[in-house]
Amino acid sequence: VPAETKSGAKRAAARKRIEEKRAAEAAARARAERRRRTVIGSVVAAVLVVVAIVAVIVVQSSRNSTNPNALVPANTADSGNVIVVGSATAPVTVDMYEDFQCPNCKAFEDTNATTLASLVAAGTVQLHYHGMAFLDTSANDKYSTRALNAAAAVVAQAGPTAFQAFHDLLYANQPAEGGSGLTDDQLVAYAQQAGASGEVVEQAIRDLSYGDWVKNVTDQASKDGVTGTPTVLVDGTKLTDLSNAGLTQAITAAQGG
Amino acid sequence: VPWLATAARLLLGVVFVVAGVLKLPDPAAAVRAVRAYRLLPEALVGPVAFGLPVVEIAVGLALLIGVFVRVAALVTALLLVVYIVGVGSAWARGLQIDCGCFGGGGQVAAADTAYPAEVLRDIGLLLVALALARWPRSRLALGGHPFPEKELSRAR
């Protein structure tokens, strides 16, 4: 009996060892399988992310691309990017980057438009207007773009003097930010008041004919390093003090130098 | 700890998905926001402006559903370090820009810059991301090791 028990115990121990070994092997297989699945999952996820990145870059680039054949308004300078007001022999150049919807631009215009106009009239200053349109919202029905497009229609039809008048009218009547913007009818009326009337102007305003040009000049301003409005350069140097005294001082200094 | 990790995943996931999605509707604004930092050559501005939101959404989603949590947390931490450096350098160079973290971006008035708040927020998120990378196991996660279940069975 003891011998039988002994051998029985031995057999049970052996069976247990085998079972443990099998369990360990199964666990190892399960671990390997899990690892394999993780690797496959990681590779699939990485590929998906890369594909998504490439796809989005392509789609967004095409959405962001500007039309090289954009209709460029006549009576502009620098490949159509700049509207020049004032004498070519004026000693001081003032570059202005503005958005028609920007309240700080209106503040700058309210403070300095009269001074600049008299300096232009005196032949001291030549103004370079660089339009920007980045304050489009659905609430204002893309007013930034519509206003700059209208300004392009005005300069194309009637030249820089009419543009200046239209520009001043739009700032004097700037719609509140977050409001609904001026309507196309109002833009047409102001264009007429500024001296650009007729079917061509009206159609260009309503059809957004210079819409691609608006995108291009906005892009160009960003490439010029301008990241906000108003940005004012006096003979190429950025004006930090936008008060009337600051502007006058900078222009006087530029004139002296 | 598992529930804390879940909270960290949800916080980071929501922040990154929202930040990424908000950058998609206006590609021109995204480009301007990246350009405003004046750190990248023009050729890289587009790819970064358009690719970064995808990465943000991808890691955000991974964190939300709980797969590849450690990797996603590390990528999140890396992105946050890049953002902190970017915002910090804009601050140090005296640029007056909005970080463009949640869309928008570009120049703002001097009074409207929010560098300290932006940097503090990113550092806070960075700490959360690093903690999550150290202890990635959490409840309500689709992937990862069956740590919570084991604990559950032991509790039973």
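Conventions we followed
- Residues numbered from 1 in each chain as written.
- Chains lettered and ligands numbered in written order.
- Predicted model: local features only at pLDDT ≥ 70, side-chain atom pairs only at ≥ 80, totals over all residues.
- Heavy atoms only, no water.
- Helix = DSSP H or I, 4+ residues; strand = E, 2+ residues; numbered from the N terminus.
- Contact = heavy atoms within 4.5 Å.
- Areas by Shrake-Rupley, 256 points an atom, 1.4 Å probe, with all protein chains shown as cover.
- Disulfide = S-S within 2.5 Å.
- Pairing = 2+ DSSP bridges.
- Core = buried A, V, L, I, M, F, W, Y, C linked by side-chain atoms within 4.5 Å.
- Buried < 20%, exposed > 50% of the residue type's maximum accessible area, 1.4 Å probe, protein only.
- Buried area = accessible area lost by both parts, 1.4 Å probe.
- Salt bridge = Lys/Arg side-chain N within 4 Å of Asp/Glu carboxyl O.

A.B. asks: Explain the overall build of chain B to me, please; I cannot follow it from the model alone.
C.D. replies: Each helix and strand counted, chain B has 6 helices and 2 strands in total. Starting at the N terminus, the α and β elements of chain B follow one another as α-α-α-α-β-β-α-α. Put simply, of all contacts in chain B between residues at least 6 apart along the chain, 72% involve residues at least 24 apart. Summed over its atoms, the accessible surface of chain B is roughly 7900 Å², and 73% of this surface lies on carbon and sulfur atoms.

A.B. asks: Sorry if this is basic, but what is going on with the environment of Arg32(B) here?
C.D. replies: Summarising the element assignment, Arg32(B) is placed in helix 2 (residues 27–36). Separated by 82 residues in sequence, Arg32(B) and Ala114(B) have C-alpha atoms that sit 18 Å apart. For Arg32(B), the residues in contact, after removing those within four places along its chain, are Phe134(A), Thr218(A) and Ser222(A).

A.B. asks: Looking at this model, I keep getting lost on the state of the cysteines. Mind explaining?
C.D. replies: By definition, a disulfide links two cysteine residues through a covalent bond between their sulfur atoms. All names here are of chain A. Scanning the entire structure with this criterion turns up 2 disulfides over all chains. Shown here is the disulfide that connects Cys102 with Cys105, its sulfur atoms set 2.3 Å apart. On the sign convention where negative means left-handed, the S-S torsion of about 95° between Cys102 and Cys105 marks this disulfide as right-handed.

A.B. asks: Got a minute to help me understand the sheet that holds strand 4 (residues 231–234) of chain A in this structure?
C.D. replies: Sheet strands pair by backbone hydrogen bonding; their relative direction is either parallel or antiparallel. Read across the open sheet, the 5 strands follow the order 1-3-2-4-5 (chain A); overall the sheet is mixed. At either end of the open sheet lies a strand with only one pairing partner, and these are strand 1 (83–85) and strand 5 (237–238) of chain A.

A.B. asks: Quick question: what am I supposed to make of the nonpolar core here?
C.D. replies: Nonpolar side chains in soluble globular proteins generally cluster together in the buried interior. Residue and element names in this part refer to chain A. Counting residues in hydrophobic clusters, the biggest one holds 52 residues, and the most contacted among them are Val94, Leu127, Phe166, Leu170 and Ile251. No other element matches helix 3 (residues 143–172), which puts 15 residues into this core. If we ignore the near neighbours within four places in the chain, the residues touching Val94 are Val125, Gln126, Leu127, His128, Val232, Leu233, Val234 and Ile251.

A.B. asks: Got a minute to help me understand the interface of chain B and chain A in this structure?
C.D. replies: Counting from both sides, the interface comprises 22 residues of chain B and, opposite them, 22 residues of chain A. Summed over both partners, the interface of chain B with chain A comes to about 1800 Å²; 62% of that surface belongs to carbon and sulfur atoms. Where chain B touches chain A, the interface holds 1 salt bridge. For Arg35(B), the salt bridge goes to Asp219(A), with nearest N and O atoms at 3.8 Å.

A.B. asks: Even after reading the chapter, I still don't get helix 2 of chain B, so can you show me in this structure?
C.D. replies: Residues separated by three or four positions in an α-helix point in the same direction, a consequence of the helix having 3.6 residues per turn. Residue and element names in this part refer to chain B. Taking burial as the measure, the 10 residues of helix 2 include 9 buried ones, the bulk of the element. For helix 2, the set of buried residues is Pro27, Ala29, Ala30, Val31, Arg32, Ala33, Val34, Arg35 and Ala36. Positioned one or two residues after helix 2, Arg38 has a phi angle of 50°, which is positive.

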